[in-house]
Amino acid sequence: MDREELKAIVAQMLRELAPAQTPPSPPPVKGAETETPPDGGVLPDLTTVDLRAQYLVPNAAHGAEFRALKAKTPARLGLGRCGARYPTASLLRFRADHAAAQDSVFSLVPERFWEENHYPFVQTMCKSKDEYLTRPDLGRRFDEKNQAVLRDLLAGQRVVLAVGDGLSSAAVQANAPDCCAAIRQGLQAQGIELGPVPFIQFCRVGAGDHIGDLTDCEVICLLVGERPGLVTNESMSAYLTYRPHTGIAESCRTVVSNIHRQGVSAVEAGAHIASLIGRILAQKASGIGLREDGA
């Protein structure tokens, strides 16, 4: 028997054994099926599913009670399982949300955003997204050119409102315009007029302190995109500081966080922020120095 004959025999044996060695497909988990797209079609977008309503545990002993619990939180509960692993729907949703979070961190806010909303553009000392992520100190300062722009833009302003991209480009695009409009309206009701609202690229929270150095404003409110997570990539926060200056303690800031469609809505947050600014001006304090009772 030569080499070629031996190879032919082995190949024939493998063909005969292959069907018997192929394990049967596991039964599908109820609620975790994925649709097969038609020719030329696409699968449905898993990220549009409300995690509060998605329950992938089949034949649950206390399904109604668990669904009532899930309705109160977007946490990943009741994901189901296929053997020792997550079902396909849960795994794909996790990967999709993780990808969205990464995109928010690494992508830039498009130029049309600040142009359409009439936000004058300024940039910190960071020259790129990579430098912004690796040099937080540069995201808190402005070069001489941008310092001059801010001085001219915000001269004489008692209250400064600014928008910074921060760690989530998606957050400011989704929430900043409505939030700014609500803040402006709320302050007008108190007799406080806002000037232009600058958009700050590569912005850290401390950039507001440098603006305080440049303008000597009484209060700054900086809206900034927060580090995204798996629940949402659109969470924005507002940092309010009385008499901001470089080196001010973090405890001197008042923060309104979780501004997004699944948390505090942008309009509701804006109204609350306007009220906070009025209290800060009245008490001449922010952060831990701001009293709840207003006394």
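Every chain begins its residue count from 1, and numbering advances along the sequence as written. With the structure being a predicted model, the display of local features is reserved for residues of pLDDT at least 70 and the display and counting of side-chain atom pairs for 80 or more, all residues being used for whole-chain, interface and lining totals. Excluded from the side-chain calculation are hydrogens and water; included are all heavy atoms of the structure.

> Looking at this structure, I do not really get the UniProt feature "binding site: adenosylcob(III)alamin" (unreviewed entry) in the protein chain. What am I missing?
Within this structure's numbering, the places UniProt gives as "binding site: adenosylcob(III)alamin" (unreviewed entry) are Val205 and Glu226. The annotated residues occupy 22 residues of the chain but converge on a single region, no pair of C-alpha atoms lying more than 10.1 Å apart. Secondary structure elements follow DSSP: runs of H or I no shorter than four residues count as helices, runs of E no shorter than two count as strands, and numbering proceeds from the N terminus. Relative to the assigned elements, Val205 resides in the loop between strand E3 (199-201) and helix H8 (207-215). Overall, the relative accessible area of 23% leaves Val205 in the partly exposed class. Whether two residues are in contact is decided by their heavy atoms, any of which lying within 4.5 Å being enough. Not counting residues within four places of it along the chain, the set of residues in contact with Val205 comprises Leu222, Val224, Tyr239 and Arg253. With respect to the helices and strands, the residue Glu226 is situated in the loop between strand E4 (219-225) and strand E5 (236-242). UniProt positions are given in the numbering used here, feature names are shortened, and annotations may be inferred rather than shown by experiment. Each residue's exposure class comes from its accessible area (1.4 Å probe, protein chains only) as a fraction of the maximum for that residue type: buried when under 20%, exposed when over 50%, partly exposed otherwise.

> Which parts of the structure should I look at to understand the side chain of Ser90?
Relative to the elements of secondary structure, Ser90 occurs in helix H3 (residues 88-106). Identification of polar contacts relies on pairs of N or O atoms within 3.5 Å, with a donor-acceptor requirement for protein atoms, meaning one able to donate a hydrogen and the other able to accept it, and with residues adjacent in sequence counted only if both atoms are side-chain atoms. Within polar-contact distance, the side chain of Ser90 engages the backbone oxygen of Leu79 at 2.8 Å. Setting aside residues up to four positions removed in sequence, Ser90 forms contacts with Leu56 and Leu79.

> Would you take a moment to explain the sheet that holds strand E2 (residues 159-164) for this structure?
Strand pairs in the sheet, formed through backbone hydrogen bonds, run parallel or antiparallel to each other. In this scheme, strands are said to pair when DSSP sees at least two bridges between them. Taken in spatial order, the six strands line up as E1-E3-E2-E4-E5-E6 in an open sheet, and their pairing is mixed. Each edge of the open sheet is held by one strand with a lone partner, namely strand E1 (121-123) and strand E6 (253-259). Direction aside, the axes of adjacent strands within the sheet are offset by 25 degrees on average. Here helix H9 (residues 266-283) sits on the sheet and contacts E2, E4, E5 and E6; the angle it forms with E6, its principal contact strand, is near 175 degrees. Think of each axis as a best-fit line through the C-alpha atoms, taken over the contacting stretch in the case of a helix, with angles from 0 to 180 degrees between the N-to-C directions.

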